[in-house]
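Structural features, examined
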Amino acid sequence: MRKWTSIKTHSDILFEFCNGVAKITINRPEVYNAFRPETNNQMLEALEVCRERNDIDVVVLTGAGEKAFCSGGDQNVKGVGGYVGEDGVPRLNVLDVHKRIREMPKPVIAMVNGYAIGGGHVLHVVCDLTLSE
């Protein structure tokens, strides 16, 4: 049996590899995998690694737990001017994530395991393929 190995440790995502497949898991199940600026920055970094590594053929995007794929922007960090990151700057960068997915020269598959609400719905729509139970 093959085992997923971590590519890099992040606070908001799991970034793993197994047999030509990179898996990016939004790992914030306590907020239904809602994304905040840090989440999106980490996904952007992971997607860039996926683009550049020759041993990665396919990218899978999913959410931790069984209740939600992604519930969009985290309303807990919404402030004046937008979603405020730990650095105090109001920005979300989710459109950059969408663009990076669309420009990926490898298939990006959304494994939707629960709710896909608001920006979470958009996230799976910009992928090449969506699979759900």
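About the thresholds
Residues numbered from 1 in each chain as written. Predicted model: local features only at pLDDT ≥ 70, side-chain atom pairs only at ≥ 80, totals over all residues. Heavy atoms only, no water. Helix = DSSP H or I, 4+ residues; strand = E, 2+ residues; numbered from the N terminus. Rg over C-alpha atoms; globule rule 2.2 N^0.38 Å. Buried < 20%, exposed > 50% of the residue type's maximum accessible area, 1.4 Å probe, protein only. Contact = heavy atoms within 4.5 Å. Areas by Shrake-Rupley, 256 points an atom, 1.4 Å probe, with all protein chains shown as cover. Lys, Arg positive; Asp, Glu negative; His and termini not counted. Charge placed at Lys NZ, Arg CZ, Asp CG, Glu CD. Phe/Tyr/Trp six-rings, centres within 6.5 Å; stacked < 30°, edge-to-face > 60°. Lys NZ or Arg CZ within 6 Å of the ring centre and 35° of its normal. Salt bridge = Lys/Arg side-chain N within 4 Å of Asp/Glu carboxyl O. Right-handed = clockwise from strand over helix to strand, strands pointing away. Pairing = 2+ DSSP bridges. Arc of directions from axis to C-beta.

Time to look at the overall build of the chain. The helix and strand tally for the chain stands at three helices and ten strands. Secondary structure of the chain in N-to-C order comes out as β-β-β-α-β-β-β-β-α-β-β-α-β. Here the C-alpha radius of gyration of the chain, 14 Å, is about what a compact globule of 133 residues would show, namely 14 Å. Here the chain, with 133 residues, has 47% of them falling under the buried criterion. Here the analysis covers contacts within the chain between residues at least 6 apart in sequence; of these, 66% occur between residues at least 24 apart. With an accessible surface of roughly 7,100 Å², the chain has 53% of that area assigned to carbon and sulfur atoms. Here the chain holds 15 positive side-chain charges and 17 negative ones, and the gap between their average locations is 2 Å.

Taken as a whole and judged by the stated rule, the model has one aromatic pair. Here the aromatic rings of Tyr-32 and Tyr-115 are separated by 6.3 Å at their centres, their planes lie at 70°, and the arrangement is edge-to-face. Of the two residues, Tyr-32 sits in the loop between β3 (21–26) and α1 (37–52) while Tyr-115 sits in strand β9 (residues 115–116), which places them 83 residues apart along the sequence. Directly above the aromatic system of Trp-4 lies the positively charged group of Lys-23, at a separation of 4.4 Å from the ring centroid. We note Arg-53 situated over the ring of Phe-17; from NZ or CZ to the ring centre the distance is 5.1 Å.

This brings us to the pattern of salt bridges. Counted under the stated rule, the structure contains eleven salt bridges. We note a salt bridge from Glu-45 to Lys-8, for which the minimum N-O separation is 2.6 Å. Within this pair, whereas Glu-45 is found in helix α1, its partner Lys-8 is found in strand β1 (residues 5–9), the two being separated by 37 residues in sequence. Residue classification places Lys-8 among the partly exposed positions, given a relative accessible area of 40%.

Another point: the environment of Glu-48. Positionally, Glu-48 belongs in helix α1. Accessibility expressed as a relative area gives 32% for Glu-48, which makes it partly exposed.

What follows concerns the pairing of strand β4 (residues 58–63). Looking down a regular strand, the side chains alternate between one sheet face and the other. In terms of residue burial, β4 counts as a mostly covered element, since five of its six residues are buried. Regarding the hand of the β-α-β motif, the stretch spanning β3, α1 and β4 is right-handed. Where β4 lies against strand β8 (residues 108–112), four bridges are found, and the strand directions are parallel. Along β8, the bridge assignment pairs Leu-61 with Ala-110.

Think of an α-helix as 3.6 residues a turn; residues three or four steps apart then line up on the same face. Looking only at helix α2 (residues 94–103), the buried set comprises Val-94, Val-97, His-98 and Ile-101. Across the axial projection of α2, the buried residues extend over an arc of 100°, all falling on one side. Exposed residues on α2 whose side chains face more than 90 degrees from its buried face are Leu-95 and Lys-99. Elements that come into contact with the buried residues of α2 comprise α1, β4, β8 and α3 (119–125).

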